[in-house]
Structure formats: C-alpha cells, structure tokens
Amino acid sequence: MIEHDAIYKLLAPAKNETWLEILPQQISKAFNFSVHGTSAKWQILIENLDLPLPSQSNFNNDCIQIGLAKDISSERQLQLRNELMEFHPWRKGPYDLFGIPIDSEWRSDWKWQRLKDHISSLKNRLVLDVGCGNGYHCWRILGAGAKAVIGVDPTLINVMQFQLIKKLSGEFPVHLLPITLEAIPSEIKLFDSVFSMGVLYHRRSPIDHLLELKNTLRAGGELILETLIVDGNLGETMLPEGRYAKMRNVWFLPSCKTLVSWMARCGFKNIRIVDINQTSIKEQRSTEWMRFHSLEQFLDADDKNLTCEGLPAPKRVIIVADAF
Ligand SMILES: C[S@@+](CC[C@H](N)C(=O)[O-])C[C@H]1O[C@@H](n2cnc3c(N)ncnc32)[C@H](O)[C@@H]1O
C-alpha cells in the first residue's frame, strides 16, 4: 500500500540517513493488524476495491474530487457508498468520490481558505504535513503545485481513509506515513514547507514540538502552524485541569504573544500571525458521515463563547514563520 520506493527517493537527500534505515520497521509496526480487528477489515475493503481509474480529478476545489458518477454504474456507486461508510467517522473533508459527496465533520476547506494567500508559493516544493488527519490538506497542497507531499499521522482510521482515497485516485506524489513527528529522526532538514495544524495543543511539550518541526525544515524553509490559543498577554497560557471541549488530550493553549515568543526562542524568524478565528458550529458539526457529538454539544448550552467545562471556546491562530 505504501509506495516505499517513491518515498525513499524523496527522503534520500535528508541530512540524517538513519530514517531510511528505520522507516520500514516504523511502517510495519503501525500496520500490525493482528492487534486491531477493524483495521484488518478496512485493509481487506481497500485491497478488494476494483474501480476504474477516475476520468477526472480535481484537488483545487473546496471539495476534493476524484472520479465522476458516470465513471461507474449506479449499482457500483451504491456499493461504494456503503464501503465508504464502513470508514465512519469521516472527520476531515469534504470529498466527492465518484459522485458520492462525503460531508465530513469538519469543513477543512475553510482552514485552507484562511491560510492559502499568506504562505509562500507551494510550486515545486517538498512538503511535510504533520498530523495530517486523513490527508485532506495534503491533496490541497498538491493541488497548489507541490512537487510531493508527505503527511504523517499515527491514527489508524486516518491512515486507512487516506489509503482508500489514494487507491481511488491512482498515482500521485502524495504519501501518508503512519508515524508521529517525534518518530522522524532529528536534523533531517529536508522539507521546503512544513504544516503543523491542530497538533501543538496535543503535545505535552509544545517547545519540543516547535523544535522538532524546525529540524524537519531546510534553511529558509517555511512553517505553517495552526493551534488553539486563548486571549491574553505575553507569558499567559491556559493548561486545562481536565478535559477541554470534552477532549482528554489537550495541554497548552498559549496567548498569541506567548506563542510567538516560544517560536522566536526556538529560532524561527519573520513570524507572522496571519489569521485568528473562533471555531463555529458551522465549521465543525455532526453530519451523516460523522454521527457522533460535535462542537455544538461541546460548548456551553447558554453561552457559545464557553466550552461545556466553562473554559474559553476554541479559538485558533495560524502563524507563518521561516526556519534558518
Ligand atoms: C485535530 S487533528 C488535525 C488534522 C489536520 N491537520 C487539520 O488541521 O485538519 C490532529 C491530528 O494530529 C495527529 N497527531 C497527534 N499527535 C501527533 C504527533 N505527535 N505527530 C503527528 N501527528 C499527531 C492526530 O492523529 C490527528 O489526526
């Protein structure tokens, strides 16, 4: 499933060659299906997909489109819809796969719209997307002209959704490795642009996360960082005592000024805040393709500016910075 040769070719110029040595082991460890019955089922579904190559694909639209309804019979389309549903919950999207619209929990296209005019041109760049989910933004990055995109994400449902989409799309230089950022050896200094969106607040050490991101960038490369923040002055940071918007694994939510100072301390230059946005219940919501509770249920019933725990409601910043 993973196109090892293509990936090794992309990674070969990395400063730290040991990654190529340990990568096969990292990948096979992640795909140890015997420990997870559902993943074996997903794997079989993907292997058995027998669809024609799409007559048309478009990665530049808000909705990533692969194939047209007319490429397959209506019976096959119905069957494909059921197969896609087996990969519930679809958190990132939207996608349109052979005429089947996948209305995911998140309108991931809104985040893309907020950042796309503020970053360096992605034309011919080698790009890393850390915590890429099912790869929605990887396809948008490719659509914007990147030479190749490597996403990393340790969550198996995301990896499986990506592999399914990749199988439908045919060959494109987009790859998802089932690993964490921390599993990438330090000092590879390879990528022209690195995205880390929605990951920093999941890390117990945000400073280490920033340093690890910097280590993946070549000199002069660009970081696009998106994370949860709180209102406040330099030095202020919120560390939730328990859950945050029902999420268990949320650690540091800095103020913008604090985050910028962390980035400067880690050696980033030319640090620009390009967007601040409070997440709305139109951007993150339950749909037919994500039938669990979503943001609306995670907010205070009477005050949408508070989470159900009484903390400030989710607000996100996008920061662009250069590595040297
Ligand atoms: C909130 S989602 C964000 C997805 C996507 N980047 C976006 O902005 O829509 C965070 C993702 O980061 C992944 N993740 C968590 N810890 C990670 C780590 N240490 N390294 C890489 N990915 C991680 C999770 O599996 C999850 O898919």
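Residues numbered from 1 in each chain as written. Predicted model: local features only at pLDDT ≥ 70, side-chain atom pairs only at ≥ 80, totals over all residues. Heavy atoms only, no water.

Comments concerning unusual backbone geometry
Note the cis peptide between histidine 88 and proline 89, where omega equals 5°. Relative to the helices and strands, proline 89 is located in the loop between α4 (74–85) and β3 (95–97). In the segment running from glycine 93 into proline 94, the intervening peptide bond is cis, with an omega of 15°. Its location among the elements puts proline 94 in the loop between α4 and β3. Within the chain, lysine 189 stands out as a residue other than glycine whose phi angle is a positive 40°. Position of lysine 189 among the secondary structure elements: in the loop between β7 (174–177) and β8 (191–197). The residue alanine 245 is not glycine, and still its phi comes out positive at about 50°. (Helix = DSSP H or I, 4+ residues; strand = E, 2+ residues; numbered from the N terminus.)

Structural notes on the nonpolar core
Nonpolar side chains in soluble globular proteins generally cluster together in the buried interior. Of all hydrophobic cores here, the largest spans 88 residues; its most connected members are Leu177 and Phe195. The greatest single-element share of this core, amounting to 8 residues, is contributed by helix α7 (residues 156–169). Look past the residues within four positions of leucine 177 in its chain and what remains in contact with it is Ile2, Ile7, Trp19, Leu23, Ile27, Ile150, Gly151, Val152 and Asp153. Tyr201, Leu228, Ala245 and Phe298 belong to the second-largest nonpolar core, a separate cluster that totals 9 residues. (Core = buried A, V, L, I, M, F, W, Y, C linked by side-chain atoms within 4.5 Å. Buried < 20%, exposed > 50% of the residue type's maximum accessible area, 1.4 Å probe, protein only. Contact = heavy atoms within 4.5 Å.)

Focus on the site of the ligand
In the region of the ligand, 18 residues are neighbours, and Lys111, Gly131, Asp153, Thr155 and Met197 sit closest. Within the contact set of the ligand, a nitrogen atom lies 2.6 Å away from a backbone nitrogen or oxygen of glycine 131. In this structure, glutamate 182 approaches the ligand through a side-chain N or O atom, which is 2.9 Å from a nitrogen atom. If the ligand stood free it would expose 600 Å²; the protein chains cover 87% of that surface. Residue classes in the shell around the ligand are distributed as 6 nonpolar, 7 polar and 5 charged. (Near = heavy atom within 4 Å. Polar contact = N/O pair within 3.5 Å; in protein donor to acceptor, adjacent residues only side chain to side chain. Areas by Shrake-Rupley, 256 points an atom, 1.4 Å probe, with all protein chains shown as cover. Nonpolar A, V, L, I, M, F, W, Y, C, P; charged D, E, K, R; others polar.)

Comments concerning the pairing of strand β9 (residues 217–229)
The buried count for β9 comes to 10 of 13 residues, which makes it a mostly enclosed element. For β8 and β9, the ladder comprises 6 bridges, and the chain directions are parallel. Looking across to β9, one finds that phenylalanine 195 is bridged to isoleucine 224. Between β8 and its parallel partner β9, the chain crosses via helix α8 (residues 206–216), and the hand of that crossover is right-handed. (Pairing = 2+ DSSP bridges. Right-handed = clockwise from strand over helix to strand, strands pointing away.)

A closer look at the sheet that holds strand β1 (residues 57–58)
Overall, mixed pairing links the 4 strands, which are arranged β1-β2-β3-β4 in an open sheet. Two strands bound the open sheet, and with one partner strand each, they are β1 and β4 (100–102). By the bridge criterion, 3 bridges tie β3 to β4 in an arrangement that is antiparallel. Across the sheet, residue aspartate 96 finds its bridge partner in β4, namely proline 101.

Re the sheet that holds strand β12 (residues 269–278)
Spatial ordering of the open sheet is given by β7-β6-β5-β8-β9-β13-β12, a layout of 7 strands whose pairing is mixed. For this open sheet the edge positions go to β7 and β12, each flanked by a neighbour on one side alone. Pairs of neighbouring strands in the sheet enclose a mean axial angle of 15°, with direction left out of account. Of the strand pairs in this sheet, β12 and strand β13 (residues 315–322) are connected by 7 bridges, and their pairing is antiparallel. By the bridge assignment, arginine 272 is partnered in β13 with valine 320. Taken strand by strand, helix α5 (residues 108–115) contacts β8, β9, β12 and β13, and its axis lies near 130° from that of β8. (Axes fitted to C-alpha atoms, helices over the stretch in contact; angles between N-to-C directions.)

Section: the pattern of salt bridges
Taken as a whole, this structure holds 20 salt bridges when the rule is applied. Among the salt bridges present, the one from lysine 111 reaches glutamate 226, with a minimum N-O distance of 3.2 Å. Here lysine 111, found in helix α5, pairs with glutamate 226, found in strand β9; they are 115 residues apart in sequence, far enough to count as distant. You'll find lysine 111 and glutamate 226 in the same group, each marked buried. (Salt bridge = Lys/Arg side-chain N within 4 Å of Asp/Glu carboxyl O.)

So, the packing of α5 against helix α6 (residues 136–143)
α6 packs onto α5 with a crossing angle of 40° between their chain directions and a minimal axis gap of 10 Å. Of the possible angle classes, the one that applies to α5 and α6 is oblique. The way α5 lies across α6 gives a crossing that is right-handed. Where α5 approaches α6, its residues Ser108, Asp109, Lys111, Trp112 and Gln113 are matched on the opposing element by Tyr136, His137, Arg140 and Ile141. (Parallel < 35°, antiparallel > 145°, perpendicular 65-115°, else oblique. Left-handed = near helix turned anticlockwise from the far one by under 90°.)

A closer look at the pairing of β7
Of the two faces of β7, the one lined by Val174 and Leu176 and the one lined by His175 and Leu177 are each fully buried. Where strand β6 (residues 148–152) and β7 come together, 4 bridges link them in parallel fashion. Considered in β7, the bridge of isoleucine 150 is made with histidine 175. Handedness of the β-α-β unit built from β6, α7 and β7 comes out right-handed.

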